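Residue strings, one per chain:
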Amino acid sequence: MWQPDIETLPRRNIETLQNERLRETVSHIWANAPVQRAKLEAAGLAPDNIRTTDDLVNVPFTVKEDFRVNYPYGLFAVPMKNIVRLQGTSGTTGKNTMAGYTRRDMKMWADLIARLATAVGVTDEDVAQICFGYGLFTGGFGLHQGMERIGATVLPMSSGNTERQLIMMEDMGTTVLIATPSYALYISEMVNEAGIRDKLKLRVGLFGGEGCTPEMRLKIENNLGITATNNYGLCELIGPGLSGECRERDGLHIAEDHFFAEIIDPDTGERLPHGEQGELVVTTLTKEALPLLRYRTRDITRLNPEPCVCGRTHMRMMPTRGRSDDMLIIKGVNVFPSQIESVLIGIEHIGPHYLLLVRRDGISDTLEVKVELTDTSVLESFSELERIQHRVKDRLRVVLGLNVKVSLVGPNTIERFQGKAKRVVDLREEKQI
């Protein structure tokens, strides 16, 4: 363990520490973050009303829109002279969401990455190849500083140029692959295509930035001969490092000394008991530059407070099922892209790459699932194509509970992604002919 005294704290001690740090965070916000203070005052709250994590149920949520309204620095709680790093989201749906870090924030972040990397067996003898983009996105720099913290050798390849990635992977003796799951899957396909798997020294993957279904994980592991692990974080909260799996891979250990997690009903906002599935809400407990109370992540998961067999005692979150704002409602049925991915992986002649096309038919939405064939030979047989199409459609009907259109396309025709995969194409605003 990287910080054994902290990672094995008894539950009572964790809760005491969280309450102490929550009070410090609220005082910090009250004194130094005018926008957030005004939000508390509008709810009739002052620091004396927020003494324990139980009191957070009375605190208004912080949401993505708060960042947009107060762009770029309105939520910061320190002067800009104390900010040593700025990171942000891609800004694909508007202006970037900006996060700031003080020197203390940066040290804490590096320790959190070191903690999750050590939990899956990364040591100072490893060579870590980072295939996250190096830019505003927190993945590249976040994992980089944590790997250096434990003494691992860092190969900062960034994303893209997959042929070059494979050359360096072989020549440098890479043992740890760091990427989004979708890009790791693409790399694994290229490794098999190039026939170099036996020449590689890869042994573990640290994947994050997007969800990873068990089926995709298994596909990557089989292709590369590695142990694939998931970690989790959001730019608004810290970046990667909020939680990560250990070798048991039975949930992602949340860094509870720095974050308080709760699950709410995404529709009502009501806090749910441990074990129930809902939306993850996180409060920062030690952030200086950007302290946040009850940030709605929109990610769907559940929490397990029981100690792990690995010896760590911090709360575990289950791998996210999807995002509440990514959920599609098709003819009254809730559909998550991860459900479709789980169906497709493992079907003979069908690859793991897909697109979901959402259209409007009258007052209802319709869904077309475009899937990629792995074998060009089946294109020569109409009956075989029909059989595959029916099988995919039948499996989807069983899992989703509705009929969807299934379209088969040739190998390597669906776009591969070097960062987060974009699986949903919304065509509902197109004019109907």
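Scroll up for the structure.
Residues numbered from 1 in each chain as written. Predicted model: local features only at pLDDT ≥ 70, side-chain atom pairs only at ≥ 80, totals over all residues. Heavy atoms only, no water.

Trainee: Lay out the overall build of the protein with the relevant residues and their values.
Mentor: Assigned secondary structure in the protein consists of 11 helices and 22 strands. Taken over C-alpha atoms, the radius of gyration comes to 22 Å for the protein, in line with the 22 Å a tight globule of 433 residues would show. Residues counted as buried form 53% of the 433 residues belonging to the protein. Accessible area of the protein: about 19300 Å², with a carbon and sulfur share of 47%. Taking the average location of the 52 positive side-chain charges in the protein and that of its 58 negative ones, the two points are 2 Å from each other. (Helix = DSSP H or I, 4+ residues; strand = E, 2+ residues; numbered from the N terminus. Rg over C-alpha atoms; globule rule 2.2 N^0.38 Å. Buried < 20%, exposed > 50% of the residue type's maximum accessible area, 1.4 Å probe, protein only. Areas by Shrake-Rupley, 256 points an atom, 1.4 Å probe, with all protein chains shown as cover. Lys, Arg positive; Asp, Glu negative; His and termini not counted. Charge placed at Lys NZ, Arg CZ, Asp CG, Glu CD.)

Trainee: Go over helix H6 (residues 138–150), please, and point to the residues and values.
Mentor: Look at H6: 19 Å from first C-alpha to last across 13 residues, which is about the 18 Å you get at 1.5 Å a residue. Taking burial as the measure, the 13 residues of H6 include 10 buried ones, the bulk of the element. Within H6, the full set of buried residues consists of Thr138, Gly139, Gly140, Gly142, Leu143, His144, Gln145, Gly146, Met147 and Ile150. Of the residues one or two after H6, Gly151 is the one with positive phi, at around 90 degrees. (Expected span 1.5 Å × (residues − 1).)

Trainee: Kindly report on the environment of Thr297, identifying the contributing residues and their values.
Mentor: Inspection of the secondary structure assignment puts Thr297 in strand E13 (residues 295–301). In this structure the C-alpha to C-alpha distance between Thr297 and Leu234, which are 63 residues apart in sequence, comes to 7.9 Å. In this view, Thr297 contacts Tyr232, Leu234, Leu237, Glu279, Leu280, Val282 and Arg323; residues no more than four positions away in its chain are not counted. There is a polar contact of 3.1 Å between the side chain of Thr297 and the backbone nitrogen of Asp299. (Contact = heavy atoms within 4.5 Å. Polar contact = N/O pair within 3.5 Å; in protein donor to acceptor, adjacent residues only side chain to side chain.)

Trainee: Lay out the state of the cysteines with the relevant residues and their values.
Mentor: Summed over the entire model, instances satisfying the criterion amount to zero disulfides. We note that Cys308 lacks a disulfide partner, and the nearest cysteine sulfur, in Cys310, lies 3.6 Å from it. (Disulfide = S-S within 2.5 Å.)

Trainee: Could you give me a rundown of a nonpolar patch on the surface, with the residues and numbers involved?
Mentor: A contiguous nonpolar surface patch, about 240 Å² in accessible area, is contributed by Tyr73, Met80 and Leu86. By the element assignment, Met80 lies in the loop between helix H4 (64–69) and strand E1 (85–88). (Patch = residues over 30% accessible without salt bridge, like charges linked within 9 Å, V, L, I, M, F, W, Y side chains within 5 Å. Salt bridge = Lys/Arg side-chain N within 4 Å of Asp/Glu carboxyl O.)

Trainee: Describe the packing of aromatic side chains, naming the residues involved and giving the relevant values.
Mentor: If you walk through the whole model with that rule in mind, you get six aromatic pairs. For Arg296, the ring lying beneath its charged end belongs to Phe61, and the centroid distance is 5.2 Å. (Phe/Tyr/Trp six-rings, centres within 6.5 Å; stacked < 30°, edge-to-face > 60°. Lys NZ or Arg CZ within 6 Å of the ring centre and 35° of its normal.)

Trainee: Lay out the sheet that holds strand E19 (residues 350–361) with the relevant residues and their values.
Mentor: Ordered in space as E21-E20-E19-E22, the four strands form an open sheet in which the pairing is mixed. Edge positions in the sheet fall to strand E21 (405–409) and strand E22 (424–426), since each of these pairs with one other strand and no more. Recorded for the sheet is a direction-independent mean angle of 25 degrees between the axes of neighbouring strands. Where helix H10 (residues 337–344) meets the sheet, its contacts fall on E19, strand E20 (364–373) and E22, and the angle it forms with E19 comes to roughly 140 degrees. Across the face of the sheet, helix H11 (residues 382–400) comes into contact with E19, E20 and E21 while running at roughly 140 degrees to E21. (Pairing = 2+ DSSP bridges. Axes fitted to C-alpha atoms, helices over the stretch in contact; angles between N-to-C directions.)

Trainee: Please provide a residue-by-residue account of the side chain of Glu236, values included.
Mentor: With respect to the helices and strands, Glu236 occurs in the loop between strand E7 (227–234) and strand E8 (239–245). Look at Glu236 and you get buried, because its relative accessible area is 3%. In terms of polar contacts, Glu236 uses its side chain to reach the side chain of Tyr295, at 3.1 Å. Excluding residues that lie within four positions of it along the chain, Glu236 makes contacts with Lys64, Phe67, Thr89, Thr97, Lys287, Leu290, Leu292 and Tyr295.

Trainee: Hey, could you go over the pairing of E21 for me, with residue numbers and the actual values?
Mentor: Strand direction decides the pairing type here: E20 and E21, joined by five bridges, are parallel. Residue pairing in the sheet places Lys370 in a bridge with Ser407 of E21.

Trainee: Account for the packing of H10 against H11, with residues named and values stated.
Mentor: At a minimum axis distance of 10 Å, the contact between H10 and H11 shows a crossing angle of 135 degrees. Classed by the angle they form, the pair H10 and H11 counts as oblique. Handedness of the crossing formed by H10 with H11: right-handed. The residues of H11 that touch H10, namely those facing Gln339, Ile340, Val343 and Leu344, are Val392, Arg395, Leu396, Val399 and Leu400. (Parallel < 35°, antiparallel > 145°, perpendicular 65-115°, else oblique. Left-handed = near helix turned anticlockwise from the far one by under 90°.)

Trainee: Requested: an account of the nonpolar core, with residues and values cited.
Mentor: For soluble globular proteins, the rule of thumb is that nonpolar side chains tend to be buried together. Of all hydrophobic cores here, the largest spans 51 residues; its most connected members are Val122, Met147, Ile178 and Leu206. Here this core gets eight residues from one element, more than from any other, and that element is helix H5 (residues 103–119). Among all residues touching Met147, those that are not within four sequence positions of it are Ile113, Ala117, Val122, Ala128, Ala152, Val154, Ile178 and Leu206. (Core = buried A, V, L, I, M, F, W, Y, C linked by side-chain atoms within 4.5 Å.)

Trainee: Tell me about the environment of Ser182, residues and numbers included.
Mentor: Within the secondary structure layout, Ser182 lies in helix H8 (residues 181–194). Of the residues examined, Ser182 reaches a relative accessible area of 5% and is grouped as buried. For the pair formed by Ser182 and Phe207, sequence separation is 25 residues and the distance between their alpha carbons is 9.2 Å. A polar atom in the side chain of Ser182 sits 2.5 Å from the side chain of Glu210.

Trainee: Which residues make up the packing of helix H2 (residues 11–32) against helix H3 (residues 34–42), and what are the values?
Mentor: Two quantities define a packed helix pair, namely the angle between the axes and the distance from one axis to the other. The geometry of H2 relative to H3 is characterised by a closest axis approach of 6 Å and an angle of 105 degrees between their N-to-C directions. In terms of their interaxial angle, H2 and H3 are classed as roughly perpendicular. Residue-level contacts link Ile29, Trp30 and Asn32 of H2 to Pro34, Gln36, Arg37, Leu40 and Glu41 of H3. The residue makeup of the contact of H2 with H3, split by class, is four nonpolar, two polar and two charged. (Nonpolar A, V, L, I, M, F, W, Y, C, P; charged D, E, K, R; others polar.)

Trainee: Explain the pairing of E20 residue by residue, including any values.
Mentor: The buried fraction of E20 amounts to seven of the 10 residues, a majority that puts the element mostly inside the structure. Examined bridge by bridge, E19 and E20 share nine bridges and lie antiparallel to one another. When the sheet's bridge partners are listed, Tyr354 is paired in E20 with Val371. Crossover connection from E20 via H11 to parallel E21: handedness right-handed. (Right-handed = clockwise from strand over helix to strand, strands pointing away.)

None of the figures reported here should be taken as evidence of function without further support.
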